[in-house]
Amino acid sequence: MSLANKLAEERRLRLAAERLLEQKQAELFAANRKLGQHARKLSDEIVETRAEVENVRGENQRVKSDFTAAHQKIEVAERRLWHSIETIQDGFAFFDVDSRMIAANNSYLSVFDGLEEIAPGVSYIRILQLATGEGIVNIGDKKPADWRAMMMQRWQSPTPEPVVIRLWNEQYIKLIDQRGHGGDVVSLALNITETIRYEKELRDARERAEAANRAKSSFLANMSHEIRTPMNGVIGMAELLRDTVLDDEQKLYVDTIKNSGEALLVIINDVLDYSKIEAEKLVLHPEPFDLERCIHEIVMLPQPAARDKGIDTLVDYDLFLPTVFVGDPGRIRQVLTNLIGNAVKFTLEGHVLVRVVGFQQENSADTQIHITVEDTGIGISADKMDLIFGEFNQVEDERNRQFEGTGLGLAISEKLIGMMGGSIWVDSEEGQGSCFGFRVTMETTDTDTDAAPGLPGNIRNVMIVDDLEVNRLILSKQIEALGAHVLSLANGRDALAALDDTIDLVMTDHNMPEMDGLEFARAVRERGLEMPIILISSNSAAADNDPSLSCINGVLQKPTPRRELFRAIQLNTGTPPDAHAAAPEAPNQIDKSKKRAMRILAAEDNKTNQLVFRKMVKSLDIDLQFAGNGLEAVQLFKDYEPDVIFMDISMPKMDGKEATQEIRALERETGGHVPIVALTAHAMDGDRDGILAAGLDHYLTKPLRKAEIFAMIGETCPPDARPVIPVSGRAVS
Ligand code: ADP
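We now turn to the structure provided with this report.

The rules behind these values
- The numbers attached to residues start from 1 for each chain and follow its sequence in the written order.
- Local features in a predicted model are, by the rule used here, given only for residues with pLDDT of at least 70; side-chain atom pairs are given and counted only at 80 or more, and totals for whole chains, interfaces and linings are based on all residues.
- The side-chain numbers reported here are obtained from all heavy atoms of the structure, hydrogens and water having been left aside.
- The pairing test for Phe, Tyr and Trp rings, Trp by its six-membered ring, is centres within 6.5 Å, and the orientation test on the planes gives stacked under 30 degrees, edge-to-face over 60, and tilted for anything in between.
- Secondary structure elements are defined from DSSP: runs of H or I of at least 4 residues count as helices, runs of E of at least 2 residues count as strands, and each element is numbered from the N terminus.
- We call two strands paired when DSSP finds no fewer than two bridges between them.
- Looking down the strands as they point away from the viewer, one classifies a crossover as right-handed if the path from the first strand across the helix to the second runs clockwise.
- All axes here are fitted lines through C-alpha atoms, helices being fitted over the stretch that makes contact, and every angle between N-to-C directions spans 0 to 180 degrees.
- Should any heavy atoms of two residues lie within 4.5 Å, those residues are considered in contact.
- For salt bridges, the criterion is a side-chain nitrogen of Lys or Arg within 4 Å of an Asp or Glu carboxyl oxygen.
- Summary of the burial criterion: residues with accessible area below 20% of their type's maximum are buried, those above 50% are exposed, and those between are partly exposed, where the area comes from a 1.4 Å probe applied to protein chains only.

**Focus on the packing of aromatic side chains**
Counted according to the given criterion, the structure contains nine aromatic pairs. Centroid distance Phe95 to Trp155: 5.0 Å. Interplanar angle 80°. Geometry classified as edge-to-face. In this pair, Phe95 sits in strand 1 (residues 91-95) while Trp155 sits in helix 4 (residues 144-156), placing the two residues 60 residues apart along the sequence. On the basis of an interplanar angle of 40° and a centroid distance of 6.2 Å, the ring pair of Tyr108 and Phe112 is categorised as tilted. Ring pairing ties together the aromatic residues Trp82, Phe92 and Phe94, which thus form one cluster.

This is the structure we're talking about:
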């Protein structure tokens, strides 16, 4: 190889080596730079980590101090909680899921005073064992094992029922245990000794009150009996004395005795009724009764007082309402007597109107009846209205003080209507008048549709003359409903002016200003008019001796039940009366030889009452015997064969109930059934049922009323005896 070639080769190799070197240097430089970068990154990371570590350390410090604070707080809370739990007087304990005590307050532990075993860790069953074993609980007649079993069973239930245990020292503890979610039980032991003592006191007091109430009821029953018996003598004798020849002064004295006696009886009855309702002893006795008749009878009671004051009493009984309903007639009568009596009592002029309307309920025999008693009296001030249904509440003011009363009537009425499932209310304006109303639902048994039989065909135009507008309205409504045309006028003068022979019937009020009903009738006749005239009077007796009476065809007593109104129209307008309306046989037409006298036996031990009875029936054509006790009554039943027996209930030797039972026993052998009427002074309820259960058929309460005795005798008179007619011909009072 040439040198040149060698040199070239060498240069080439050197260049190659230099290039390699350069390259290696470059690589080395790059590696260096990378290393530098890495070292910088590492150092950054170290700085960062160090900062973080610092941070975490600070955080740790904070957490640690928070934790300490929280711990302190928990300790304070726990201390306070325990302090509180210790402060309460009731026992408090926790048990774990295995029924071991975790903790308990001192009250809880103090029950087991001195027993070291009762401490945290003790099991519930062990507590029960110690409680029975040491006699801490008073388990009465129970066996300890049974008692513990019962307590354990309760404890294990998911929701234990509270239980009351009695301790040896007569303390009563109510245990209330509550199971938590984890199975722990919180146990509360409340000391309820005071409550139990209080309850016992209340129970004792209630028993004492009930005993006192029973004593009061029987005292009232006895008092009622004791007072009624002599009252029978007083009222009965006064009634009899009234029928003898007396001068005016003596009449006044007798009337005062009778009225005061009656007033005293009202008070006794009110007080009795009220206490019976209070003691829930009052029972309703529903039976069918004629509501319309009942209202008319009640309206008649205060008639004398109403007449004296010139007050008109009116009844507006819904024309299409049935009259027979099922209810307690005695109690309905009592409410109505009170409302109507009050209305008359508290009204000095104007009128008292009883309005009866009813709504038949669909698909049922029940009828809702509204009865209102409206008056034009002194009224009641708004602030007193809430009080009047309270007991012994009378409106206390000057105007009211002149009226007598017990202040019990409305309280009793409200309770009675409440017992019937109805309601009672009042609307009133002072000085204008009051309207008392009540609503009850009663079943009707009335299928009688002849309440409104229609007018005779020849009556098309009817003239009504009455100064009182309500009266004209009621009467017009009733007559128009029968299909006649009504011409209604307020006084005789206008009526005369309007009257001509197109009028078929005149119905005129009796008592009218200027020209009264009889004067008007006379004037009609003087004009030569012949149509029938019916006088409607609230005091028909006053017309008895009036010569103008010949000008009228019939008299109706006001207020008039619808049936009587229709009958009077029929009778006085040429329509023949029905068979029932035939006049009764006059006494002198009876052939006494054919029939025997009715035999009446009265069993009554009290001589005064015997005398009262004898005098009461003296006007009757009867044969009367007395028995002085039950034994005599039974004997006379056999010997005398009475048609009816009036039987006093309390009698010596054998009382009325026993005597009746004997008589009924005899009748079972011989057949027959003599009506026996109980005469009793016992007005308390329960008597009635007891008496009727003993076999008596009827029941009359003393003091006896002539009318009731007469009605009873009339009802029981047998066909083979002479009809019982007052021999003097005097009307039955
Ligand atoms: P009494 O009539 O025996 O006083 P009540 O309980 O029947 O008792 O009535 C209570 C009171 O209500 C009466 O005293 C009277 O003040 C008032 N009162 C009742 N009815 C009427 C009435 N129709 N008009 C005015 N006040 C009446």
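Past the structure itself, the notes keep going.
**Section: the pairing of strand 19 (residues 622-627)**
Pairing of strand 18 (residues 598-603) with strand 19 involves six bridges; the strand directions are parallel. Bridge pairing links Met598 to Ile622 in strand 19. Handedness of the crossover joining strand 18 and strand 19 through helix 15 (residues 607-616): right-handed.

**Overview of the sheet that holds strand 20 (residues 644-648)**
Taken in spatial order, the five strands line up as 19-18-20-21-22 in an open sheet, and their pairing is parallel. Strands at the two margins of the open sheet, each flanked by one partner only, are strand 19 and strand 22 (698-701). The average angle at which neighbouring strand axes cross in this sheet is 20°, direction not considered. Here strand 21 (residues 676-680) pairs with strand 22 via four bridges, running parallel. Paired with Thr680 across the bridge in strand 22 is Thr701. The sheet contacts of helix 15 involve strand 18, strand 19 and strand 20, and relative to strand 19 the element is tilted by about 175°. Strands strand 20 and strand 21 of the sheet are contacted by helix 17 (residues 656-670), whose axis makes an angle of about 150° with strand 20.

**Overview of the pattern of salt bridges**
Side chains bearing opposite charge may pair, as long as their charged atoms lie close to each other. Enumeration over the complete set of coordinates arrives at 23 salt bridges. Close ionic contact of Arg12 with Glu9 constitutes a salt bridge, the shortest N to O distance being 2.1 Å. Taken as a pair, Arg12 and Glu9 lie in helix 1 (residues 3-87) at a separation of three residues, close to a single helical turn. The class of Glu9 is partly exposed, set by a relative accessible area of 29%. Measuring nitrogen to oxygen at the nearest pair gives 3.6 Å for the salt bridge that ties Asp494 to Arg493. What makes Asp494 partly exposed here is its relative accessible area of 34%. Here the salt bridges do not stand alone but share partners, grouping Glu194, Arg197 and Glu201 into one network.

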